[in-house]
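Each chain, letter by letter, is given below.
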Amino acid sequence: MAKRTALDIHSTAERHIIDFRQWGWKDIAVLGKYHYKQTRSSLDAHSHQHMLEICFCSKGEQVYKVNKTLYKIKGGELFVTYPGELHGTGEFPEEKGEMYWIIINMDATRNGRRFLHFDGKLAAEWKRQLLQLPRHFKGNSKLKTTLEQVFQHHAQNSSLLHQIHVQHLLADFLLSVISCSQSATVRRIEERMDKIDAYIHDHLDEPAVLPELAAQAGLSLSRFKTWFKEATGTTPLDYVLKYKIQKAQEALLKGKLSIAGIAYETGFQNAQYFATVFKRFTGLTPGAYKQRAGGNVKKS
């Protein structure tokens, strides 16, 4: 499927799209919605340079494919595509249901540009908060109500007063999106970390592969590194290495494997590198740790 970057602004009887660029807006580019009574063909993979897309599924279900990862979005849930990401519905059709989407130019705050009716530090904070949105999270009933009000006001006329009203409604919508994402923060972190821990455990004898861990969290690699450091206070690589060393400590206490065997079982390329990492996290070499364990470890 071909990659495309142009924004789709084609409306039909079941699909309504507002192109805010016609009002001269530089930040909020497009707001769209569809209400499909039957499935449609799949959405081709495409990307939007500098654009963040927020989708809100109010009814039904939809499968999205971002890069090579599939996500199932259910009614009442939000889904975010970050700037430059290749996304579509993969081999799956656009399902019957109701979907809203808003596309935001995240480059709009550059060089002192305003975001909605905010400027300066407030505009920059909008950008920071939106770029920190998680991939997939639960929304609320207020989101649809607010977006429907935007469509109603836009349909009336394009006077400055109506534009101001629409700006405030969109700001209210985005604040609600941010609030929904933050209320789910603890649960989201726990769910992601459970998946990451399970993956590390199942691949303990393999070297750490950060793109695979990012896929478990449903994030791009760059966002995964930032999110992980904020959520855990450490880097993904150090987290994996520490996990491996903890398992190595358990194995040393059991005394059933040699140090070289434990290095192999925990995914280190050689015993020397294993010893270096082990000492960094424990302050002891594997041999010294094994010796200190004393009677708890069989002599080799």
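Keep in mind the model is a prediction, meaning the values are calculated, not measured.

## Focus: the overall build of the protein chain
Reasoning step 1: Assigned secondary structure in the protein chain consists of 10 helices and eight strands.
Reasoning step 2: Computed over its C-alpha atoms, the radius of gyration of the protein chain comes to 25 Å, more than 25% above the 19 Å expected for a compact globule of 300 residues.
Reasoning step 3: In the protein chain, buried positions account for 44% of the 300 residues.
Reasoning step 4: Contacts in the protein chain between residues at least 24 apart in sequence constitute 69% of all its contacts with a sequence separation of at least 6.
Reasoning step 5: A total accessible area of about 15700 Å² is found for the protein chain, and carbon and sulfur atoms account for 52% of it.

## Some remarks on the nonpolar core
Reasoning step 1: Ranked by size, the top nonpolar core spans 50 residues in total, and within it Phe-20, Ile-28, Ile-54, Leu-130 and Leu-174 carry the most contacts.
Reasoning step 2: With nine residues, the single largest contributor to this core is helix H3 (residues 160-183).
Reasoning step 3: Discounting chain neighbours no more than four positions away, the residues touching Phe-20 are Trp-25, Ile-28, Ala-29, Val-30, Leu-31, Val-150, His-154, Val-166 and Leu-170.

## So, the packing of helix H4 (residues 185-202) against helix H7 (residues 236-254)
Reasoning step 1: Here H4 crosses H7 at 55 degrees, and the two axes come no closer than 11 Å. Judged by the inter-axis angle, H4 sits oblique to H7. Handedness of the H4/H7 crossing: right-handed. The residues of H7 that touch H4, namely those facing Met-193, Asp-197, Ile-200 and His-201, are Tyr-239, Val-240 and Tyr-243.
Reasoning step 2: Residues belonging to the contact of H4 with H7 are distributed by class as follows: five nonpolar, one polar and one charged.

## Some details on helix H9 (residues 271-282)
Reasoning step 1: Over its 12 residues, H9 runs 16 Å from end to end, which matches the ideal 16 Å to within 8%, given 1.5 Å per residue.
Reasoning step 2: Looking only at H9, the buried set comprises Phe-274, Val-277 and Phe-278. What you see down the axis of H9 is that its buried residues fit within an arc of 105 degrees, all on one side. Facing away from the buried side of H9 by over 90 degrees, the exposed positions are Gln-272, Thr-276 and Arg-280.
Reasoning step 3: Buried residues belonging to H9 abut H7, helix H8 (259-265) and helix H10 (286-292).
Reasoning step 4: For H9, the side-chain oxygen to backbone nitrogen distance between the N-cap and Gln-272 is 3.2 Å, and the N-cap itself is Asn-270.
Reasoning step 5: Phi turns positive, to about 85 degrees, at Gly-283, one or two residues after H9.

## Looking at the confidence of the model for the protein chain
Reasoning step 1: In this model, the protein chain carries an average pLDDT of 88, and 94% of its residues clear a pLDDT of 70 or more.
Reasoning step 2: Confidence drops under pLDDT 50 across residues 295-300; counting only partners more than four residues distant or on other chains, this segment forms eight contacts.

## What about unusual backbone geometry?
Reasoning step 1: A positive phi angle is found at Asn-67, which is not glycine, with a value near 55 degrees.
Reasoning step 2: What makes Asn-67 partly exposed here is its relative accessible area of 45%.
Reasoning step 3: Despite not being glycine, Leu-116 shows a phi value in the positive range, around 55 degrees.
Reasoning step 4: Tracing the chain through its elements places Leu-116 in the loop between strand S7 (97-105) and helix H1 (120-131).

About the cut-offs
- Residues numbered from 1 in each chain as written.
- Predicted model: local features only at pLDDT ≥ 70, side-chain atom pairs only at ≥ 80, totals over all residues.
- Heavy atoms only, no water.
- Helix = DSSP H or I, 4+ residues; strand = E, 2+ residues; numbered from the N terminus.
- Rg over C-alpha atoms; globule rule 2.2 N^0.38 Å.
- Buried < 20%, exposed > 50% of the residue type's maximum accessible area, 1.4 Å probe, protein only.
- Contact = heavy atoms within 4.5 Å.
- Areas by Shrake-Rupley, 256 points an atom, 1.4 Å probe, with all protein chains shown as cover.
- Core = buried A, V, L, I, M, F, W, Y, C linked by side-chain atoms within 4.5 Å.
- Axes fitted to C-alpha atoms, helices over the stretch in contact; angles between N-to-C directions.
- Parallel < 35°, antiparallel > 145°, perpendicular 65-115°, else oblique.
- Left-handed = near helix turned anticlockwise from the far one by under 90°.
- Nonpolar A, V, L, I, M, F, W, Y, C, P; charged D, E, K, R; others polar.
- Expected span 1.5 Å × (residues − 1).
- Arc of directions from axis to C-beta.
- Polar contact = N/O pair within 3.5 Å; in protein donor to acceptor, adjacent residues only side chain to side chain.
- pLDDT = per-residue confidence, 0-100.

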